[in-house]
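Working through the structure, step by step
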Amino acid sequence: MSGDWLTADEQRAWRTYLRMSSLLPAALNRQLQQDSGLTLPEYEVLVQLSEAPGQVLRPFQICEALNWEQSRLSHQLTRMQRRGLVARQECEADGRGAFVVLTAAGADAIGSAAPGHVAAVRRLMFDRLSEDERAAFEQACATIVAALTGQPR
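The structure reproduced in this document is the subject of the present report. Remember, predicted model here, so these are calculated numbers, not experimental data. (Residues numbered from 1 in each chain as written. Predicted model: local features only at pLDDT ≥ 70, side-chain atom pairs only at ≥ 80, totals over all residues. Heavy atoms only, no water.)

1. Focus: helix α4 (residues 70–82)
Counted only if it meets this: To qualify as a helix, a DSSP run of H or I must reach at least 4 residues; to qualify as a strand, a run of E must reach at least 2; elements of each kind are numbered from the N terminus. Expected span of a helix, by definition, is 1.5 Å for each gap between consecutive residues, and there is one gap fewer than residues. Burial status follows relative accessibility: with a 1.4 Å probe on protein chains alone, a residue under 20% of its type maximum counts as buried, one over 50% as exposed, and anything between as partly exposed. This arc is built from the directions going out from the helix axis to the C-beta atoms.
Look at α4: 18 Å from first C-alpha to last across 13 residues, which is about the 18 Å you get at 1.5 Å a residue. The complete set of buried residues in α4 reads Leu73, Gln76, Leu77 and Met80. Seen end-on, α4 carries its buried residues on one side only, within an arc spanning 100°. Exposed side of α4, more than 90 degrees from the buried face: His75 and Arg82 are the residues found there. After α4 finishes, the residue glycine 84 shows a positive phi value of roughly 80°.

Take a look at the structure:
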């Protein structure tokens with residue numbers, strides 16, 4: 001075997017991160033489903049649309065924002081369209097392209113879900129961290145994101 005192993009401290013940090021990265025989304029997904037009937041992926045798409053100018057985005061914009069593959073988004077949008085949360089509109093400037101539009105039902109859904117979701121994020125994460133821990137966590141995440149995206153910090 002080649003390469004160096006992680007130190008005991010690195011291994012502990014890595015495994016703690018892996019555990020958190022599976023537990024936190026699962027807890028947030030449960031909260032959203034129980035409180036609003038939305039899944040976490042639905043909520044993530046609705047957030048992007050609700051914050052977009054005119055509440056309209058091209059699919060590639062949603063993929064970029066969420067770091068999703070096109071096929072994942074396509075399947076997700078189909079399910080959301082069936083539920084009336086989003087609509088697809090043709091793009092007249094690009095006959096092959098389309099827009100994803102937040103519907104009134106989608107706007108109502110995210111408006112109803114957001115307060116409970118924010119409370120859950122605060123309860124599960126931020127209430128447990130001191131201000132210094134929160135700042136260090138944010139800085140560490142930003143450093144890693146910058147390295148992964150090739151962006152300067």
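2. Points about the side chain of glutamine 76
Quick note on the threshold: What makes two residues a contact is simply this: any of their non-hydrogen atoms within 4.5 Å.
By the secondary structure assignment, glutamine 76 is in helix α4. Beyond its immediate chain neighbours, meaning those up to four positions away, glutamine 76 contacts Thr39, Pro41, Glu42, Val45 and Trp68.

3. Let's talk about the packing of helix α2 (residues 40–51) against α4
How two helices sit against one another is set out by the angle between their axes and by the gap between those axes. For clarity, the cut-off: All axes here are fitted lines through C-alpha atoms, helices being fitted over the stretch that makes contact, and every angle between N-to-C directions spans 0 to 180 degrees. Working definition: roughly parallel below 35 degrees, roughly antiparallel above 145 degrees, roughly perpendicular at 65 to 115 degrees, and oblique for all remaining angles. Any residue outside Ala, Val, Leu, Ile, Met, Phe, Trp, Tyr, Cys, Pro, Asp, Glu, Lys and Arg is labelled polar, Gly included; the first ten of those are nonpolar and the last four are charged.
Relative orientation of the contacting elements α2 and α4 amounts to 90°, with a least axis distance of 11 Å. Between α2 and α4, the crossing angle belongs to the class labelled roughly perpendicular. Facing Pro41, Glu42, Val45 and Leu46 of α2, the residues of α4 in contact are Arg72, Leu73, Gln76, Leu77 and Met80. The class makeup of the residues in the contact of α2 with α4 is six nonpolar, one polar and two charged.

4. As for the layout of surface pockets
Under the convention used in this document: For each structure, a 1 Å grid was placed over the protein atoms alone; sets of points admitting a 1.4 Å probe that cannot get out are labelled cavities, open sets with protein on both sides within 12 Å along at least five of seven lines are labelled pockets, and lining residues have an atom within 4 Å of a point. Grid points are joined across faces, edges and corners, and a volume is the space filled by probe spheres set on the points.
Approximately 1,300 Å³ is the volume found for the largest pocket. Mapped by element, the contributors of at least two residues to the lining of the largest pocket are α1 (8–36), α2, α3 (59–66), α5 (104–124) and α6 (131–149). Looking at the lining of the largest pocket, the element that brings in the most residues is α1, giving nine residues. When the residues that make up the lining of the largest pocket are grouped by side-chain class, the tally is 22 nonpolar, five polar and two charged. By volume, the second largest pocket is sized at about 200 Å³. Lining the second largest pocket are Pro59, Phe60, Cys63, Gln70, Leu73, Ser74, Leu77, Arg88, Ala98 and Val100. Breaking the lining of the second largest pocket down by element, the ones donating at least two residues are α3, α4 and β3 (94–102). Broken down by element, the residue count for the lining of the second largest pocket peaks at four residues, all from α4. Looking at side-chain class alone, the lining of the second largest pocket contains seven nonpolar, two polar and one charged residues.

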